[in-house]
Amino acid sequence: MQTFSQVGPSEIFFIARRDNPCTRAQLLFTGRLHFRQDSFGFRLKNRVVEYSARPVPPNLIAAEKEEAKAVLTLFFKKQGLSNSVSVRIINKSDLFIDHLVSRLHSVHKARYLVGRELTTLEIRDSLIPYLEQLHEQHGDLLSDLVVSFPDPPEDRPASSSPPPLAPFTSSPRGLAADTKKLRAVSRVSELDTEGALRPQTLYLLDLGLNLEQIKTITRKFAAFPYYSLEGKIKPVVDFLLDLGIPKSDIPTILCKRPQICGISLTDNLKPTMAFLETLGIDKNQWAKIIYRFPAILTYSRQKLISTVEFLTQTGLTEEQIGKILTRCPNIMSYSVEDKLRPTMEYFKSLNVDVAVLLHRCPQTFGLSIETNLKPVTEFFLEKGYGIDEIGVMISRYGALYTFSLRENLMPKWDYFQTMDYPNSELVKFPQFFGYSLQERIKPRYELVKRSGVRLLLNQVLSLSGVEFEKVVKKKMMKKLVSDHHQK
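A brief look at the structure comes next. Predicted model only: the values in this text are computed from it and were never measured. (Residues numbered from 1 in each chain as written. Predicted model: local features only at pLDDT ≥ 70, side-chain atom pairs only at ≥ 80, totals over all residues. Heavy atoms only, no water.)

**Looking at helix H15 (residues 318–327)**
One turn of the α-helix equals 3.6 residues, which is why residues spaced by three or four share an orientation. Inspection of H15 places Ile-321, Gly-322, Ile-324, Leu-325 and Thr-326 among the buried residues, and these make up the whole buried set. The inward-facing, buried residues of H15 abut helix H13 (286–292), helix H14 (301–313) and helix H17 (354–360). (Buried < 20%, exposed > 50% of the residue type's maximum accessible area, 1.4 Å probe, protein only. Helix = DSSP H or I, 4+ residues; strand = E, 2+ residues; numbered from the N terminus. Contact = heavy atoms within 4.5 Å.)

**What about the packing of helix H12 (residues 265–278) against H14?**
Look at H12 against H14: their axes get within 11 Å of each other, and the N-to-C directions meet at 10°. Classified by the angle their axes make, H12 and H14 are roughly parallel. Crossing hand, H12 versus H14: right-handed. Within the contact between the two elements, H12 uses Pro-271, Thr-272, Phe-275 and Leu-276 and H14 uses Arg-301, Leu-304 and Ile-305. (Axes fitted to C-alpha atoms, helices over the stretch in contact; angles between N-to-C directions. Parallel < 35°, antiparallel > 145°, perpendicular 65-115°, else oblique. Left-handed = near helix turned anticlockwise from the far one by under 90°.)

**Observations regarding H14**
With 13 residues, H14 ought to run about 18 Å at 1.5 Å a step, and its terminal C-alpha atoms sit 18 Å apart, in line with that. Among the residues making up H14, those that are buried are Leu-304, Thr-307, Val-308, Phe-310 and Leu-311. Around the axis of H14, the buried residues are gathered within 155° of arc, so they sit on the same side. More than 90 degrees from the buried face of H14, the exposed residues found are Gln-302 and Gln-313. Residues of H14 that are buried in the fold lie against H12, H15, helix H16 (336–349) and H17. After H14 finishes, the residue Gly-315 shows a positive phi value of roughly 105°. (Expected span 1.5 Å × (residues − 1). Arc of directions from axis to C-beta.)

**Side note on empty space enclosed by the protein**
It is the rolling of a water-molecule-sized probe over the atoms that shows where space remains empty. This structure, assessed with the given rule, holds three cavities of 30 Å³ or more. In this structure, the largest cavity encloses a volume near 80 Å³. As for the largest cavity, its lining consists of Arg-187, Val-188, Arg-198, Gln-200, Thr-201, Leu-204, Ile-214, Phe-224, Pro-225 and Ile-233. Put simply, the parts of the chain that give the lining of the largest cavity at least two residues each are helix H7 (172–188) and helix H8 (199–207). Residue contributions to the lining of the largest cavity peak at three residues, all from H8. Here the residues of the lining of the largest cavity are counted per class, giving six nonpolar, two polar and two charged. Size it by volume and the second largest cavity reaches roughly 60 Å³. As for the second largest cavity, its lining consists of Leu-60, Ala-63, Glu-64, Glu-67, Glu-117, Leu-118, Thr-119, Thr-120, Ile-123, Tyr-227, Lys-232 and Gly-262. Elements supplying a minimum of two residues to the lining of the second largest cavity: helix H1 (58–78) and helix H5 (120–138). The dominant element in the lining of the second largest cavity, judged by the number of residues it contributes, is H1, at four residues. (1 Å grid on protein atoms, 1.4 Å probe; cavity = no way out; pocket = protein on both sides within 12 Å on 5 of 7 lines; lining within 4 Å. Points joined across faces, edges and corners; volume = space filled by probe spheres on them. Nonpolar A, V, L, I, M, F, W, Y, C, P; charged D, E, K, R; others polar.)

**A few points about unusual backbone geometry**
In this model, Asn-351 sits at a positive phi of 60°, which is unusual for a non-glycine residue. By the element assignment, Asn-351 lies in the loop between H16 and H17.

**Looking at the nonpolar core**
Phe-347, Phe-380, Tyr-401 and Phe-432 are the most contacted members of the largest nonpolar core, which totals 104 residues. With six residues, the top contributor of residues to this core is helix H10 (residues 229–242). In this structure, Phe-432 is in contact with Lys-412, Phe-416, Met-419, Leu-426, Ile-441, Leu-457 and Leu-461, ignoring residues within four places of it in sequence. By size, the runner-up hydrophobic cluster in this structure holds 25 residues, among which are Leu-72, Leu-118, Leu-131 and Phe-149. (Core = buried A, V, L, I, M, F, W, Y, C linked by side-chain atoms within 4.5 Å.)

**Topic: the pattern of salt bridges**
Scanning the model with the defined rule gives 11 salt bridges in all. Here Glu-190 makes a salt bridge to Arg-198, at a shortest N to O gap of 3.1 Å. With a relative accessible area of 22%, Arg-198 lands in the partly exposed category. A salt bridge links Lys-374 to Glu-370; the nearest nitrogen and oxygen atoms lie 2.9 Å apart. Separated by four residues within a single helix, Lys-374 and Glu-370 lie in helix H18 (residues 369–382), roughly one turn from each other. The class for Glu-370 is exposed, based on a relative accessible area of 52%. (Salt bridge = Lys/Arg side-chain N within 4 Å of Asp/Glu carboxyl O.)

**Observations regarding the environment of Thr-314**
Residue position: Thr-314 is located in the loop between H14 and H15. Residue class for Thr-314 comes out buried when judged on its relative accessible area of 15%. Each C-alpha atom of the pair Thr-314 and Ala-355 lies 5.5 Å from the other, and the pair is 41 residues apart in sequence. When near neighbours in sequence (up to four residues on either side) are disregarded, Thr-314 contacts Met-344, Val-354, Ala-355 and Leu-358. At a separation of 2.5 Å, a polar atom in the side chain of Thr-314 contacts the main-chain carbonyl oxygen of Leu-311. (Polar contact = N/O pair within 3.5 Å; in protein donor to acceptor, adjacent residues only side chain to side chain.)

Right under this line is the structure:
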């Protein structure tokens, strides 16, 4: 017999043969899992069987499967797999998904016995450590294990890299996954015996969503139409309305992050908000924050802490961090190791004060170094600016790197070359690139040129319309007096 190694730390839940899957009666196995490559597939030792005392509703099982798929997809992406490859693996992993869901029922048995559902965060916090343990045990073989489960993956030399995945073709499992998604979407417009839509759908329509929006949400997150109206959706929506969020904003929030309806108010959502307030978020701004980035309420405590620790390491004060999180809550979505830290190091190489840049323009840290940041730096280097000068420009105007190179920086640079200013003027006033070329820069500069006066670049652009006219007239009068005395 060939032993493959232990799949679970202490128990395996819902193990099924491919040709004879288990029913929803829950089977709990303790001990080590041994694969045997013979006619009947595998063998389990030290087997103990228990049955759940409370049946789990089919709609809850379907929702939990979708949650488990989302967690597994996220885990694979963190391991470096692309989204398309991750989805391709998930589409072939129905039995492993069943195993993950059944593991939830094992670990949280007491919760299910009293009929209490798990929230999105609780599902994620339960499955991620388990997947990390499997990854430590099996390394690159984990993706093979997920697909072949419960059979052992084919042996592969430890030194070899994973074989390239074949082009995607419609498989029975892929078709099954598509069927499940279609079933979830059809549930949205499903009619009862009296010809009425489901209560969940009617409620969402009353909030301002249309059927196509609800279906779009379901295509992205198939668990959504299975959420309980009275137990999940309505309590969360009522809570958001109580925070001062206009009813008209609810559809946008749900479209951005439908998972928010899967969060327990008492166990997760409210404690997360209270925790973020201790980090400096202005509690009076929750309506704006949630509208901008509702996902902030769905992140684990560990992720929130790791981001704040990074911000603290850059030299930001607690007050500054609070203002950043209030103005730009989506900074919490950036990976510390994959996004924030590399971006910090890149700006440090340009002699930029990272804390100042984060405080002034935190969204800069969401840009791609290769796609956005480096091309802009190279653009200014090609125009004759030094690294130190570029660093000064960024420090003075953090939004500089958020502009499109082709649609913004290049055309404005070309026009600047026709203006009677040295290139060093842009180091003093890089905000030049933030003004509209057609509506502000050209009209004002042409007026100054016709008037025959000279203004600093920041005077031309930063003054209000009334102040700008006053300065131009004053300069014109001064010039007339000077010309008169010279005559």
